Amino acid sequence: MIWTAIIATSVIVFALKYLGQAVPATWLANARIQKFALHLPTALLAALVAVQTLGIEKNIVFDARSIGVLVAGVALFFKAPFPVVVLLAALTSAGIHQL
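Cut-offs and rules
Residues numbered from 1 in each chain as written. Predicted model: local features only at pLDDT ≥ 70, side-chain atom pairs only at ≥ 80, totals over all residues. Heavy atoms only, no water. Helix = DSSP H or I, 4+ residues; strand = E, 2+ residues; numbered from the N terminus. Expected span 1.5 Å × (residues − 1). Bend = angle between axes of the 7 residues up to and from the residue. Polar contact = N/O pair within 3.5 Å; in protein donor to acceptor, adjacent residues only side chain to side chain. Buried < 20%, exposed > 50% of the residue type's maximum accessible area, 1.4 Å probe, protein only. Contact = heavy atoms within 4.5 Å. Phe/Tyr/Trp six-rings, centres within 6.5 Å; stacked < 30°, edge-to-face > 60°. Patch = residues over 30% accessible without salt bridge, like charges linked within 9 Å, V, L, I, M, F, W, Y side chains within 5 Å. Areas by Shrake-Rupley, 256 points an atom, 1.4 Å probe, with all protein chains shown as cover. Salt bridge = Lys/Arg side-chain N within 4 Å of Asp/Glu carboxyl O. Axes fitted to C-alpha atoms, helices over the stretch in contact; angles between N-to-C directions. Nonpolar A, V, L, I, M, F, W, Y, C, P; charged D, E, K, R; others polar. 1 Å grid on protein atoms, 1.4 Å probe; cavity = no way out; pocket = protein on both sides within 12 Å on 5 of 7 lines; lining within 4 Å. Points joined across faces, edges and corners; volume = space filled by probe spheres on them.

**Student:** Help me understand helix α3 (residues 31-54), please; the structure alone is not making it clear to me.
**Tutor:** Think of an α-helix as turning once every 3.6 residues; residues three or four places apart then point the same way. When the terminal C-alpha atoms of α3 are compared, their 34 Å separation across 24 residues agrees well with the 34 Å that a helix rising 1.5 Å per residue should span. For α3, the principal kink sits at H39 and spans about 30 degrees; a proline, P41, occurs within the next four residues. Between a side-chain oxygen at the N-terminus of α3 and the backbone nitrogen of R32 the separation is 3.0 Å; the capping residue is N30.

Right, dumping it as structure tokens:
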């Protein structure tokens, strides 16, 4: 059963990649499409972080991870380097978890 899902997913991904290459260049030159493509990865990453941080099964949970993400957001707001952001978030989450 799992191999069927893997093969089906592979076929779908291949088809999507093929269709992506077949899109006419004039469509991609559209300003709205370029703006959408520019902001899509940020929105997807934010959604992934929110789901992984706040979601446990079908519940919303505020715990040490939430505080760590909040600290990371504040550090990013103050333009801290990425390793510092990760370190601050990890130390905060671990510290809150130990309480």
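Structure shown, so let's carry the discussion forward.
**Student:** Help me understand the environment of G68, please; the structure alone is not making it clear to me.
**Tutor:** By the element assignment, G68 lies in helix α4 (residues 64-77). For G68, a relative accessible area of 2% puts it in the buried group. Taking the C-alpha atoms as reference points, G68 and S93, 25 residues apart in sequence, are found 4.8 Å from one another. What G68 contacts, discounting residues up to four positions off in sequence, is A89, T92 and S93.

**Student:** How should the packing of aromatic side chains be read in this particular structure?
**Tutor:** Two aromatic rings are characterised by how far apart their centres lie and by the angle between their planes. This structure, assessed with the given rule, holds one aromatic pair. A centroid spacing of 5.2 Å and a plane angle of 80 degrees characterise the contact between F77 and F78, whose relative ring orientation is edge-to-face. Residue F77 shares its accessibility class with F78, and that shared class is exposed.

**Student:** Explain the side chain of S93 here, please?
**Tutor:** Within the fold, S93 resides in helix α5 (residues 82-98). Contacts of S93, omitting those with residues within four sequence positions, involve A64, R65 and G68.

**Student:** Is there a simple way to explain a nonpolar patch on the surface in this structure?
**Tutor:** Together, I67, L70, V74, F77, F78, I96 and L99 make up an exposed nonpolar region whose accessible area comes to about 800 Å². In this structure, V74 sits in helix α4.

**Student:** Looking at this structure, I do not really get the packing of α3 against α4. What am I missing?
**Tutor:** Between two packed helices, both the angle of their axes relative to each other and the distance between the axes serve to describe the pair. It is the contact of α3 with α4, at a shortest axis distance of 8 Å, that shows an interaxial angle of 145 degrees. Contacts between α3 and α4 involve V49, Q52, T53 and L54 from the former and R65, S66 and V69 from the latter. Here the contact of α3 with α4 is built from residues that sort into three nonpolar, three polar and one charged.

**Student:** Help me understand the layout of surface pockets in this model?
**Tutor:** Gaps between atoms show up when a probe of the same size as a water molecule is rolled over them. Here the largest pocket defines a volume of roughly 230 Å³. Every residue lining the largest pocket is counted, 13 residues in all, and those nearest its centre are V49, V69, A72, V85 and A89. Counting only elements with at least two residues in the lining of the largest pocket, the list comes to α3, α4 and α5. Top contributing element to the lining of the largest pocket by residue count: α4, with six residues.

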